[in-house]
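# Topology and contacts: notes
These are the residues of each chain, in order.
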Amino acid sequence: MRLSRRNFDAPPVVGMDALGLVSKEHDLGTDGEASLRSWSVQHEYLDHVLARLQLPRDPAAFASLGNPLASKDGDQAVFSFRKLREGIVASGRTDEFAVTVYEMSVRVCLWAGNYAELFKSLVFLVTVLYPATARSQVTQSQQESPALASQAEMTGLYILHLVCSPSGSGSATAANAEQQPEASSGKSRPKCHGETRAIQRAFEQLPPSIRKTPDVQFAMRTLAALRCDADYLALSRQWNAASANQRLLLATILPRVRQHIVKILARAFFTYPEHLLIKYLCLQDAADLGPVLDSTLSTRVHRDVQNGIVPLRPPPGQARSTAARAGALTT
């Protein structure tokens, strides 16, 4: 016998909020009730969710928002759009309404920082819905249409998400990425980008008109910068040129990239200008630099900043004397 996970002490949920996940309808015994499989219910539910979150119904106005979920329940918003997406998939819907819902879901997941649901939204949107609606099959006069611009932005975020997912799972989280061996030294270091072949395949499957768009090209330039053993100069240019949504994705990979860049610089230089470190590590100011260096360098010489110059490792003489003192203490 299966035990119910329902909280019988909770107040009853009524109206649109009572609609559950389509995948759970059979388990909950709600097969015969109103369902998000219904196209008309999907429209009603979207209006209900947007009204509850105080978000605009117009896609263009929705896309122009900053992050309205900062003071709201982001998890609940993501879950609401997940329910709606499940209903769309279960009903076999591939029209402009489905595209609108998935584009809104992408933005909500980005605002809420839920990268697992973000990837699900992007994959279905780019690989199923866009080809089904054939948005990219437009005439030259329609190249600047809002719909095509939105497709280019979403597709660019899809490729950039793959670039910023070192684990290869599609989840842009630095904590779960694999350790990849360095071919030259045999040492291991964190992999700083996604699987190159998978990204290239995804890129080649895009319509030619979408491949050439600035959003998709931005994602591919980011991959090139990360593949070149972290080209920090090119990466800082990418960071400065990134949109707010692109920065949200880039920020997921930056912690490990910063550590790798610091190690590269520390091997090559004893000291480095502070303002260039801040620039190349894509940091806001000097207050952000200290924690990055503390977590990467084995010594604390970098704290002795003089005239804007940051020591990255002890001078050769000091390093030898420190090693000699350490050896004397062990004998």
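All of the points below concern the structure found in this document. Keep in mind the model is a prediction, meaning the values are calculated, not measured.

Remark: helix 12 (residues 244–268) packs on helix 14 (residues 286–296), axes separated minimally by 10 Å, with the N-to-C direction vectors making an angle of 70°. Looking at the two axes, helix 12 sits roughly perpendicular to helix 14. Seen from helix 12, the contacting residues are Arg258, Gln259, Val262 and Lys263; seen from helix 14, they are Val292, Leu293, Ser295 and Thr296. Residues of the contact of helix 12 with helix 14, tallied by class, amount to three nonpolar, three polar and two charged.

With that settled, consider the pattern of salt bridges. Two side chains of opposite charge can pair, provided their charged atoms sit close to one another. Inspection of the entire model under this criterion finds nine salt bridges. Residue Glu117 is joined to Arg85 by a salt bridge in which the shortest nitrogen-to-oxygen separation is 2.6 Å. Here Arg85 lies in helix 4 (residues 74–90) and Glu117 lies in helix 6 (residues 115–133), a separation of 32 residues in the sequence. The same class applies to Glu117 as to Arg85, namely buried. In this structure, Lys120 and Glu117 form a salt bridge, with 2.9 Å as the shortest nitrogen-oxygen distance.

When we look at burial in helix 14, the residues that qualify are Leu289, Val292, Leu293 and Thr296. Buried residues along helix 14 cover an arc of 95° about the axis, so they all sit on one side. Lining the buried residues of helix 14 we find helix 12, helix 13 (274–280) and strand 4 (309–311). Capping of helix 14 at its N-terminal end is provided by Asp285; its side-chain oxygen lies 3.1 Å from the backbone amide nitrogen of Ala287.

Definitions and cut-offs
- Residues numbered from 1 in each chain as written.
- Predicted model: local features only at pLDDT ≥ 70, side-chain atom pairs only at ≥ 80, totals over all residues.
- Heavy atoms only, no water.
- Axes fitted to C-alpha atoms, helices over the stretch in contact; angles between N-to-C directions.
- Helix = DSSP H or I, 4+ residues; strand = E, 2+ residues; numbered from the N terminus.
- Parallel < 35°, antiparallel > 145°, perpendicular 65-115°, else oblique.
- Contact = heavy atoms within 4.5 Å.
- Nonpolar A, V, L, I, M, F, W, Y, C, P; charged D, E, K, R; others polar.
- Salt bridge = Lys/Arg side-chain N within 4 Å of Asp/Glu carboxyl O.
- Buried < 20%, exposed > 50% of the residue type's maximum accessible area, 1.4 Å probe, protein only.
- Arc of directions from axis to C-beta.
- Polar contact = N/O pair within 3.5 Å; in protein donor to acceptor, adjacent residues only side chain to side chain.

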